[in-house]
Amino acid sequence: MHLYTLSLGLTPYDDAWALQKRAAAARSTGALPEDLLILLQHPPVVTLGRSTKPGHLLASPESLERRGIQVRDVERGGDVTIHEPGQLVVYPIIDLKRHKQDLHWYLRQVEEVIIRALASRGLTCCRVPGLTGVWRERPDGTRVKLASIGVHARDWVTWHGVALNVENDLATFDHTVPCGIDGVTMSTVAQECALAALAAPSCAALEPIVSAHAAEVFGLTLATLPAPLAATLR
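In this text, all values refer to a predicted model and were calculated from it rather than measured experimentally.

Analysis parameters
Residues numbered from 1 in each chain as written. Predicted model: local features only at pLDDT ≥ 70, side-chain atom pairs only at ≥ 80, totals over all residues. Heavy atoms only, no water. Pairing = 2+ DSSP bridges. Helix = DSSP H or I, 4+ residues; strand = E, 2+ residues; numbered from the N terminus. Right-handed = clockwise from strand over helix to strand, strands pointing away. Axes fitted to C-alpha atoms, helices over the stretch in contact; angles between N-to-C directions. Contact = heavy atoms within 4.5 Å. Core = buried A, V, L, I, M, F, W, Y, C linked by side-chain atoms within 4.5 Å. Buried < 20%, exposed > 50% of the residue type's maximum accessible area, 1.4 Å probe, protein only. Phe/Tyr/Trp six-rings, centres within 6.5 Å; stacked < 30°, edge-to-face > 60°. Lys NZ or Arg CZ within 6 Å of the ring centre and 35° of its normal. Expected span 1.5 Å × (residues − 1).

Asker: Explain the pairing of strand β1 (residues 2–10) to me, and be specific about the residues and the numbers.
Answerer: Here is the key point about a regular strand: its side chains alternate between the two faces of the sheet. Here β1 runs beside strand β11 (residues 221–224); their pairing, made up of four bridges, is parallel. Counted as the bridge partner of Tyr4 is Ala223 from β11. Of the pairings in the sheet, the one linking β1 to strand β2 (residues 35–41) comprises seven bridges and is parallel in character. By the bridge assignment for β2, Leu3 is matched with Asp35. The handedness of the β1 to β2 crossover, carried by helix α1 (residues 13–29), is right-handed.

Asker: Kindly report on the sheet that holds strand β4 (residues 70–73), identifying the contributing residues and their values.
Answerer: Strands sit in the order β4-β3-β5 across an open sheet of three strands; the sheet is mixed. Among the strands making up the open sheet, the edge pair consists of β4 and β5 (80–83). Recorded for the sheet is a direction-independent mean angle of 20 degrees between the axes of neighbouring strands. One ladder, built from four bridges, connects strand β3 (residues 45–48) with β4; its direction is parallel. Each bridged residue has a counterpart across the sheet, and for Leu48 the counterpart in β4 is Asp73. Here α1 sits on the sheet in contact with β3, β4 and β5, set at roughly 25 degrees to β4.

Asker: Quick one: what's the story with the sheet that holds β1, residue by residue and with numbers?
Answerer: Two modes of strand pairing occur in sheets, parallel and antiparallel, and in both the strands are linked by backbone hydrogen bonds. The strand order β7-β8-β9-β10-β6-β2-β1-β11 describes an open sheet built from eight strands, whose pairing is mixed. Each having just a single partner strand, β7 (126–128) and β11 make up the two edges of the open sheet. Adjacent strand axes in the sheet meet at a mean angle of 25 degrees when their direction is disregarded. Pairing geometry for β7 and strand β8 (residues 131–137), over two bridges, is antiparallel. When the bridges of β8 are listed, Val128 appears paired with Leu131.

Asker: Hey, could you go over the nonpolar core for me, with residue numbers and the actual values?
Answerer: Ranked by internal contacts, the top residues of the largest apolar core, which has 36 residues, are Leu88, Ile114, Leu118 and Leu164. Elements with a minimum of two residues in this core: β2, β6 (87–93), α3 (103–119), β9 (143–154), β10 (157–165), α4 (189–195) and α5 (203–218). With near-sequence residues (within four places) excluded, Ile114 lies in contact with Val134, Ala147, Val162, Leu164 and Val210.

Asker: Kindly report on the packing of aromatic side chains, identifying the contributing residues and their values.
Answerer: Applying the stated criterion to the full structure yields three aromatic pairs. Ring centres of Trp105 and Phe218 lie 6.1 Å apart, and the angle between their planes is 80 degrees; on these two criteria the pair is classed as edge-to-face. Taken as a pair, Trp105 in helix α3 and Phe218 in helix α5 lie far apart in primary sequence, 113 residues in all. For Trp105, a relative accessible area of 22% gives the class partly exposed. Here the aromatic rings of Tyr106 and Phe218 are separated by 6.0 Å at their centres, their planes lie at 40 degrees, and the arrangement is tilted. Of this pair, Tyr106 sits in helix α3 while Phe218 sits in helix α5; the two residues are 112 residues apart in sequence, bridging distant segments of the chain. Assessed through its relative accessible area of 0%, Tyr106 is described here as buried. By the ring-pair criterion, three or more aromatic residues cluster together here, those being Trp105, Tyr106 and Phe218. Of note, Lys21 hangs over the ring of Trp17, and the distance from its end group to the ring centre comes to 4.3 Å.

Asker: Describe α5, and please don't skip the residues or the numbers.
Answerer: Quick reminder: α-helices carry 3.6 residues per turn. Residues three or four places apart thus point the same way. Between its first and last C-alpha atoms α5 spans 22 Å; for 16 residues at 1.5 Å apiece the expected length is 22 Å, and the two agree. Among all positions of α5, only Cys203, Leu206, Glu207, Ile209, Val210, Ser211, His213, Ala214, Ala215, Val217 and Phe218 are buried. On its buried side, α5 packs onto β1, β2, β6, α3, β10 and β11. Just downstream of α5, Gly219 is the residue with a positive phi angle, here 70 degrees.

Asker: Go over the environment of Val113 with me, naming the residues and quoting the values.
Answerer: Structurally, Val113 is set in helix α3. The buried category is assigned to Val113, whose relative accessible area is 5%. Residues in contact with Val113, not counting those within four places in the same chain, are Val210, His213, Ala214, Val217 and Phe218.

This is how it looks when you write it as structure tokens:
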């Protein structure tokens, strides 16, 4: 079995959201015969998941729109999440009927993909019990969050996914309580690499690394999405 990849660069959120839905529907029917990993970046956008609590959005949608930050209510699980340029966003379209029909298991697998990808660049990261995402414990004991994860599934086919802070300036996070976690400190791969005296990878450099580890974690063979299949999803 294969894991197809599709790299789109900077893509408007609404376009990627619609693409995910088409891809998930195609995966359910078999028109998309293999699992798919969509990798991209978004212009600034705040997404509100099904668990978003009142008060976790610190500015009105209208004021955010005036700043050029979109606000979208989406069907994924989780609380408020941020996307902005410099953040690597990964949307796995995975048929869990071919793997394990367990969303908690799936979330742990997505975390594992990011943990392994960053470890391959020398950056040790971890999970925090009871909290979804990928974190780093600094030598001084400070805990920072690098990746936010929120997913949705229908007929056991997933969409939405993971947002990894790579080289973004984190400015958009000022308008939210990230992931609904009071007191959370968000960081980036670039910041943590600098603190650890490591060379910081770009989003482009991380894409093939994340893809390779996704294939490894899910027990699949990596392949580029064939052009005829890509055309059917557009």
